[in-house]
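Here is how the chains run, residue by residue.
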Amino acid sequence: MEPLRSRRQLIPPASPRGPEPAQAPGEAEIVITHEDVDRAHDRARVQSARRRGGASSRLRLLWLLVGPGVLVMLGENDGPSMLSYAATGARFGIGFFLPFIVLTFLMAIVVQEMTVRLGAVTHRGHAELIFERFGPFWGWFSMIDLGIGNFLTLITEFIAIRAGLGFFGVPPWAAVLAALVLLYTALMTHRYWTWERITLAAALLNLVFIPVALLSHPDWHSVSHAFATWRPLPGGLNKDTLLIVLADIGATVTPWMLFFQQSATVDKGLTRRDVGFGHFDTVLGAALAAGAAVATVIATTPLFTHHMAAENFQAAEFAQALQPLIGRVGASLFALGIVEAGMVASVTISISSAYAFGEVAGRPHSLNLPIRQGKAFYSVLFLCSVLAGAVVLIPGLPLVYVVLIVNVIAVLAMAPALVFLFMLVNDGELMGDMVSPRWANALAAAVVLFLTGAGVLFGVSVIAPNFLAGLTGK
């Protein structure tokens, strides 16, 4: 493996008084950047809260340090994810899928915990570490692989926004424009901490699916029974059920989450001492997101119980189909929830692409940067979003099928990303005493094997459709 390079290649400014004295061998020049100053202010507030002690100071410390984990989990409850959960409830109801969705979020906790430690210990983003430890080829490979997956996902985010606002009669071009304006506005603070608080407030609106589920008047006995017994996969294992299973996994565990949370941890300035808060942040985010995901399945289960065909539903059509069953208010909340999911995810996913590009290309990459100083970072961010929004305006896109396929692609791309993560978090030179313990390695290995196996099984089912029938005896 290659030796670590410095985070910035520092070039001293020319002096009008002639050449500066030569630096002593091994002496490093220190340059204080705009993002360093902003991050130092954030860290000063953290240190102040630590010095005071007491319950109120601990709560303030929690408020200051929580953010990346909640954002990444609620951000992963994006438009395509919520549509996958909606399609699950409408087609299969509760039963197998409620505990299965909770299991996928437990897998996400295992994965994202490693990114917290990597970011806090190394102060480097995920793509940057891959570049440094495995060479430029793998660094660019990981960045391009992430960029392609993110772009496909961004398309589905804008489709979800377009379809959700379509429930209220908003034309497609206006829906896409509104999403782009919101993205631009969210970044105008030029301050990571401020951007994070604004986006967190928007992300918490993902919980709107919980009142929608309550308005569907679910059979709580059936819900509790589903968790207690975990019934078998409805209809057995076939290509259609496997597609939904993989889509629900891809709705929870995807490559962009690794890149975003690790880079956000660095941008926020978390250190070794903050790792515990980072773990709490991740678990809290997973709990909130799992609650919203389960609520979405419950909310669309009435379509299943009333035997309403839901194969071709798009976001607005789900809301329209639910309106006779849960009322105008419930259907409106469902459509707004889809819009919110797409809006928040379009911001976080675009940023993860920009982080990865900046880390691999050696360009400034921070939300603490003004646009003039972070032209490459913001250009990648906006270009990805504008192109994805333009694709969405093409008429006739089959939303639900595209959503499911994009989520499946995310699962297939997750295995190699996890291998890099596993190797990095077990690198003693990088991690020191924060290297992964055996129990964490065992859990991570189980997640990698599960995702890889599911991806291989889906690939085989596409190439040899009769394989699953022979495997299950049906």
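Definitions and limits used
- Residues numbered from 1 in each chain as written.
- Predicted model: local features only at pLDDT ≥ 70, side-chain atom pairs only at ≥ 80, totals over all residues.
- Heavy atoms only, no water.
- Helix = DSSP H or I, 4+ residues; strand = E, 2+ residues; numbered from the N terminus.
- Contact = heavy atoms within 4.5 Å.
- Areas by Shrake-Rupley, 256 points an atom, 1.4 Å probe, with all protein chains shown as cover.
- Salt bridge = Lys/Arg side-chain N within 4 Å of Asp/Glu carboxyl O.
- Buried < 20%, exposed > 50% of the residue type's maximum accessible area, 1.4 Å probe, protein only.
- Expected span 1.5 Å × (residues − 1).
- Patch = residues over 30% accessible without salt bridge, like charges linked within 9 Å, V, L, I, M, F, W, Y side chains within 5 Å.
- Core = buried A, V, L, I, M, F, W, Y, C linked by side-chain atoms within 4.5 Å.
- Phe/Tyr/Trp six-rings, centres within 6.5 Å; stacked < 30°, edge-to-face > 60°.
- Axes fitted to C-alpha atoms, helices over the stretch in contact; angles between N-to-C directions.
- Parallel < 35°, antiparallel > 145°, perpendicular 65-115°, else oblique.
- Left-handed = near helix turned anticlockwise from the far one by under 90°.
- Nonpolar A, V, L, I, M, F, W, Y, C, P; charged D, E, K, R; others polar.

(A) Quick peek at the overall build of the protein. Each helix and strand in the protein was counted, giving 20 helices and zero strands. Within the protein, residue pairs in contact and separated by at least 24 positions form 85% of the contacts whose partners lie at least 6 positions apart. Of the roughly 19,700 Å² of accessible surface on the protein, 69% is carried by carbon and sulfur atoms.

(B) A look at the pattern of salt bridges. Counting across every chain of the model gives five salt bridges. With a shortest N-O distance of 2.4 Å, Glu113 and Arg117 are connected by a salt bridge. Linking Glu113 with Arg117, this pair stays in helix H5 (residues 97-122), spanning four residues, or about one helical turn. Taking the relative accessible area as the measure of exposure, Glu113 reaches 15% and is therefore buried. For Arg117, a relative accessible area of 4% translates into the label buried. Across the salt bridge formed by Arg272 and Asp433, the nearest N and O atoms sit 2.6 Å from each other. One end of the pair, Arg272, is in the loop between helix H13 (255-268) and helix H14 (275-305); the other, Asp433, is in the loop between helix H18 (428-431) and helix H19 (438-463), with 161 residues separating them in the sequence.

(C) The arrangement of H5 in detail. Here H5 spans 38 Å end to end across 26 residues, near enough to the 38 Å set by a 1.5 Å rise per residue. Burial of H5 is extensive: 22 of the 26 residues sit out of reach of the surface.

(D) Local environment of a nonpolar patch on the surface. On the surface, Trp140, Ile144, Ile148, Leu152 and Ile409 cluster together into a nonpolar patch covering about 430 Å² of accessible area. Per-element accounting of the nonpolar patch gives the leading share, four residues, to helix H7 (residues 136-166).

(E) Molecular detail of the nonpolar core. Ranked by size, the top nonpolar core spans 127 residues in total, and within it Phe260, Phe334 and Ile351 carry the most contacts. If you tally residues by element for this core, the top one is helix H15 (residues 315-361), at 21 residues.

(F) Fine view of the environment of Val212. Looking at the element boundaries, Val212 is found in helix H10 (residues 209-215). When near neighbours in sequence (up to four residues on either side) are disregarded, Val212 contacts Ala299, Ile326, Gly330, Leu333 and Phe334.

(G) Structural context of the packing of aromatic side chains. Scanning all chains against the criterion turns up 13 aromatic pairs. Aromatic pair Phe96 and Phe97: ring centres 5.0 Å apart, planes at 90°, arrangement edge-to-face. In textbook terms, an aromatic cluster arises when at least three aromatic residues are bridged by ring pairs, as seen for Phe92, Phe96, Phe97, Phe100 and Trp230.

(H) Layout of the packing of helix H3 (residues 68-76) against H13. The interhelical angle for the contact between H3 and H13, taken along N-to-C directions, is 155°, at an axis separation of 9 Å. By the angle class used here, H3 and H13 are roughly antiparallel. Note on packing geometry: the crossing formed by H3 with H13 is right-handed. Residues Pro68, Gly69, Leu71, Val72, Met73, Gly75 and Glu76 of H3 lie in contact with H13, whose contacting residues are Trp256, Met257, Phe260, Gln261, Ala264, Thr265 and Lys268. The class makeup of the residues in the contact of H3 with H13 is eight nonpolar, four polar and two charged.

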